[in-house]
Amino acid sequence: MKRQHIDRGVHSGFLLIALFSITALFLIVVFLFIEGIPILDHVSIKEFVFGKYWYPTDDPADFGILSLILGSICVTLLSGIMAIPLGIMTAVYLAEIASPKVAEIVKPIVELMASMPSVVIGFFGMVVVAPFIQQLFNIPVGLNMFNASLMLAFMAIPTICSISEDAIFSVPVALKEASFALGATHFETIVRVIIPASLSGICTAVILGLSRAIGETMVVLMAAGGAAMIPGSIFDPVRPLPASIAAEMAEAPFGGEHYHALFAIGIVLFVFTFIFNLIADYISYKFRQVGEASL
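Quick caveat: nothing in here was measured; it's all calculated off a predicted structure.

What to know about the overall build of the chain
No. 1: Helices and strands together make up the secondary structure of the chain, namely twelve helices and two strands.
No. 2: Considered along the principal axes of its C-alpha atoms, the chain spans approximately 75 × 65 × 30 Å.
No. 3: For the chain, buried positions account for 41% of its 295 residues.
No. 4: In the chain, the 13 positive side-chain charges and the 21 negative ones have mean positions that sit 13 Å from each other.

Topic: the packing of aromatic side chains
No. 1: One pass over the full model with this rule turns up nine aromatic pairs.
No. 2: When the ring of F31 is compared with that of F263, the centres are 5.5 Å apart and the planes differ by 85 degrees; the resulting orientation is edge-to-face. Residue F31 is found in helix α1 (residues 2–36), and its partner F263 is found in helix α12 (residues 257–286); the two are separated by 232 residues along the sequence.
No. 3: Classification of F263 by relative accessible area gives buried; the value is 14%.
No. 4: Cluster of aromatic residues (ring-pair linked, three or more members): F31, F254, Y259 and F263.

So, helix α9 (residues 199–215)
No. 1: The terminal C-alpha atoms of α9 lie 24 Å apart, and with 17 residues this matches the ideal 24 Å at 1.5 Å per residue to within 8%.
No. 2: Among the structural elements, α3 (66–97), α6 (145–169), α8 (186–197), α11 (241–248) and α12 are those in contact with the buried residues of α9.

Details of the packing of α3 against α9
No. 1: Running from amino to carboxyl end, α3 crosses α9 at an angle of 145 degrees, the nearest separation of the two axes being 10 Å. Remark: the crossing between α3 and α9 carries right-handed chirality. Across the interface between the two elements, T76, S79, G80, I84 and I88 from α3 touch I202, V206, L210, A213 and I214 from α9.
No. 2: The residue inventory of the contact of α3 with α9, partitioned by class, reads seven nonpolar, three polar and no charged.

Digging into empty space enclosed by the protein
No. 1: As enumerated under the stated definition, the model contains one cavity of 30 Å³ or more in all.
No. 2: One number sums up the size of the largest cavity: a volume of about 50 Å³.
No. 3: Along the walls of the largest cavity sit G71, S72, V75, T76, L152, A213, I214, E216, V220, P240 and P242, which together make up its complete lining.
No. 4: Ranked by residues supplied to the lining of the largest cavity, first place goes to α3 with four residues.
No. 5: Partitioning the lining of the largest cavity into residue classes produces seven nonpolar, three polar and one charged.

As for the nonpolar core
No. 1: V75, L152, I168 and V220 are the most contacted members of the largest nonpolar core, which has 39 residues in total.
No. 2: Of all the secondary-structure elements, those providing two or more residues to this core are α3, α5 (118–137), α6, α8, α9 and α10 (218–223).
No. 3: In terms of residue count, the dominant contributor to this core is α6 (twelve residues).
No. 4: With residues near it in sequence (within four places) discarded, I168 still touches A91, V92, A95, E96, K176, I194, S198 and I202.

Comments concerning unusual backbone geometry
Most of the time, phi is negative for any residue but glycine, and the peptide bond is trans.
No. 1: In the Ramachandran plot, N138 falls in the positive-phi region, its phi being about 55 degrees despite a non-glycine side chain.
No. 2: Tracing the backbone shows N138 in the loop between α5 and α6.

A closer look at the pattern of salt bridges
No. 1: As enumerated under the stated definition, the model contains four salt bridges in all.
No. 2: A salt bridge links E165 to K107; the shortest N-O distance between them is 2.8 Å. Of this pair, E165 sits in helix α6 while K107 sits in helix α4 (residues 100–114), and the two are 58 residues apart along the sequence.
No. 3: Judged by its relative accessible area of 26%, K107 falls in the partly exposed class.

About the thresholds
- Residues numbered from 1 in each chain as written.
- Predicted model: local features only at pLDDT ≥ 70, side-chain atom pairs only at ≥ 80, totals over all residues.
- Heavy atoms only, no water.
- Helix = DSSP H or I, 4+ residues; strand = E, 2+ residues; numbered from the N terminus.
- Buried < 20%, exposed > 50% of the residue type's maximum accessible area, 1.4 Å probe, protein only.
- Lys, Arg positive; Asp, Glu negative; His and termini not counted.
- Charge placed at Lys NZ, Arg CZ, Asp CG, Glu CD.
- Phe/Tyr/Trp six-rings, centres within 6.5 Å; stacked < 30°, edge-to-face > 60°.
- Expected span 1.5 Å × (residues − 1).
- Contact = heavy atoms within 4.5 Å.
- Axes fitted to C-alpha atoms, helices over the stretch in contact; angles between N-to-C directions.
- Left-handed = near helix turned anticlockwise from the far one by under 90°.
- Nonpolar A, V, L, I, M, F, W, Y, C, P; charged D, E, K, R; others polar.
- 1 Å grid on protein atoms, 1.4 Å probe; cavity = no way out; pocket = protein on both sides within 12 Å on 5 of 7 lines; lining within 4 Å.
- Points joined across faces, edges and corners; volume = space filled by probe spheres on them.
- Core = buried A, V, L, I, M, F, W, Y, C linked by side-chain atoms within 4.5 Å.
- Salt bridge = Lys/Arg side-chain N within 4 Å of Asp/Glu carboxyl O.

Right under this line is the structure:
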């Protein structure tokens with residue numbers, strides 16, 4: 001009887017914690033929409049989303065965020081192109097190829113990289129990487145889309161690598177032994193058995209890595225150049241959505257058009273992140289293995 005009361009108490013405690021988290025998230029979303037919707041009294045949705053010019057302090061002000069949206073999309077895609085292959089290949093190496101001694105050294109280093117503060121990475125990109133890129137490619141400025149994407153990839157790789165390595169390591173030994181018994185080489189087993197069996201976990205790793213990249217603020221604020229313009233190449237300065245909010249919120253008068261426009265940018269960023277996670281969860285569920293290969 002006492003044990004049943006304890007179980008019910010633990011169950012109720014976890015339920016309250018879950019409800020608190022859901023309630024907090026709901027209140028944040030409600031506050032975001034309450035503060036962002038009033039901008040539609042001054043500009044239409046079409047002009048706000050597809051407008052090319054972001055000059056919130058002009059008279060009259062321009063509240064077009066197309067350049068900010070394209071900046072966020074381009075920076076995230078470019079960082080994903082760099083981070084996803086490197087993170088997954090590093091995970092495969094640590095889980096299947098590296099010797100135990102090497103894995104014991106490399107894995108803690110990768111996990112330490114994941115805990116590095118974003119402001120430190122942004123400062124490194126601004127002070128060290130930017131002059132190097134400017135000199136290497138002979139371009140006017142080193143604070144640009146490529147620099148920001150490189151720093152975001154540096155942040156996303158440890159997350160993708162750590163979670164993918166755990167997913168690959170969790171593949172049942174029976175699948176590997178069956179592949180070797182049929183005459184497959186180690187490389188063929190990795191490509192045709194291990195990676196497909198752990199694809200659901202790898203997709204989860206990519207979700208978390210790119211989610212951090214698309215919502216990152218300090219790195220893109222310090223390394224992207226801060227120019228609210230539609231990029232023509234990877235070496236053009238850009239200003240993604242999070243950087244605009246962080247750079248201008250302190251300057252926006254409380255309750256003014258600029259203030260509400262920044263919250264509306266937050267709504268757009270929330271919608272993009274929500275859609276991205278829905279698509280990624282669908283892909284993860286679609287490739288989820290069943291039976292012996294379930295992870």
